[in-house]
Amino acid sequence: MIRGLDSIKAKGITAIGHSLGGVVTLYAAVKRPDLFSRLVLLDPTLLDPFRLRKIRLMHLLGMETRRSLVMGALRRRKNWGSVQEAYLSFKEKPLFKKWPKETIRAYATSITRPSSRGGVELAYPPEWEARIYQTIPTDVWKYVRRLIRPTFVLAGKDSHVFNLKSVEAFRQACPVARVETIPDAGHLLVQERPLEVGRRIVRFLKEGIRADLS
């Protein structure tokens, strides 16, 4: 991320990252704060400190972690006859029950590509997804307290990733950050409540602009 921003000579940008993208954004902002003016972290993958300590210990002992997520990713369906078939398949799954239909359709279009065997296939290999679950960052909380740029953290109140313990831990580690939750939303709040997420981000950015001008 830093290399890419340096290549275009970026300075003072507003960075928005969701899930693991939020963690990558946090790392980059701590290492190179000159590149950023503000951060928006959307349900970042910061499991609460107790859970991360447990995962770190299991890694040190050579034990497998998050097996259900890993195996679920590896079993994920990869092929459909068409984008429409993929959309209909996604629409029936519990994971997507809170998503607006137009969001599911956009997801089906963007996550698939033409397959050499006909129809469409996942553009993002399930093996990559599984690897992400296996290598979740466990040192992230020590970076939170080093943030110096204005930061807005927005989480789904029902999130299993950035849960209420994570919310409180972030507030304690970085008291200057704004941390809010959206009711009736989970980790995929961007897809579940896109208008509400957008409104809150715009409000945060407008308040920052007014502060800069005052």
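Here the structure is a predicted model, which means the values were calculated and not measured.

Student: Can you walk me through unusual backbone geometry in this structure?
Tutor: Glycine aside, negative phi is the norm for most residues, and most peptide bonds take the trans geometry. Even without glycine at this site, D43 takes up a positive phi of about 40°. Residue placement: D43 occurs in the loop between β2 (36-42) and α3 (49-60).

Student: Even after reading the chapter, I still don't get the packing of helix α4 (residues 67-74) against helix α7 (residues 126-134), so can you show me in this structure?
Tutor: A packed helix pair is summarised by two numbers, namely the angle formed by the two axes and the spacing between the axes. Running from N to C, α4 and α7 point in directions that differ by 175°, and their axes come no closer than 8 Å. By the angle between their axes, α4 is roughly antiparallel relative to α7. Here α4 contributes L69, V70, A73 and L74 to the contact with α7, which in turn contributes P126, E127, E129, A130, Y133 and Q134. Of the residues that constitute the contact of α4 with α7, the class distribution is seven nonpolar, one polar and two charged.

Student: What's the story with the environment of S19 in this structure? I'm lost.
Tutor: Here S19 shows up in the loop between β1 (13-18) and α2 (20-31). Residue S19 is classed as buried on the basis of its relative accessible area of 17%. For the pair S19 and S7, spaced twelve residues apart in sequence, the C-alpha to C-alpha distance is 25 Å. Reaching out from S19, the side chain makes a polar contact with the side chain of H187 at a distance of 2.9 Å.

Student: Any chance you could explain a nonpolar patch on the surface here in plain terms?
Tutor: Taken together, the side chains of L57, L61 and M63 make up a nonpolar region of the molecular surface, amounting to roughly 310 Å² of accessible area. By secondary structure assignment, the location of M63 is in the loop between α3 and α4. A relative accessible area of 44% means that M63 is categorised as partly exposed.

Student: Can you walk me through the sheet that holds strand β4 (residues 112-114) in this structure?
Tutor: As a general point, the strands of a sheet are linked pairwise by backbone hydrogen bonds and lie either parallel or antiparallel. An order of β3-β5-β4 is seen for the three strands of this open sheet, with the pairing classed as antiparallel. Of all the strands in the sheet, the pair left with one neighbour each is β3 (79-80) and β4. As defined by bridge partners, β3 adjoins strand β5 (residues 120-122) across two bridges and the pair is classed as antiparallel. Within β5, the position partnered with N79 by the bridge is E121.

About the cut-offs
- Residues numbered from 1 in each chain as written.
- Predicted model: local features only at pLDDT ≥ 70, side-chain atom pairs only at ≥ 80, totals over all residues.
- Heavy atoms only, no water.
- Helix = DSSP H or I, 4+ residues; strand = E, 2+ residues; numbered from the N terminus.
- Axes fitted to C-alpha atoms, helices over the stretch in contact; angles between N-to-C directions.
- Parallel < 35°, antiparallel > 145°, perpendicular 65-115°, else oblique.
- Contact = heavy atoms within 4.5 Å.
- Nonpolar A, V, L, I, M, F, W, Y, C, P; charged D, E, K, R; others polar.
- Buried < 20%, exposed > 50% of the residue type's maximum accessible area, 1.4 Å probe, protein only.
- Polar contact = N/O pair within 3.5 Å; in protein donor to acceptor, adjacent residues only side chain to side chain.
- Patch = residues over 30% accessible without salt bridge, like charges linked within 9 Å, V, L, I, M, F, W, Y side chains within 5 Å.
- Areas by Shrake-Rupley, 256 points an atom, 1.4 Å probe, with all protein chains shown as cover.
- Salt bridge = Lys/Arg side-chain N within 4 Å of Asp/Glu carboxyl O.
- Pairing = 2+ DSSP bridges.

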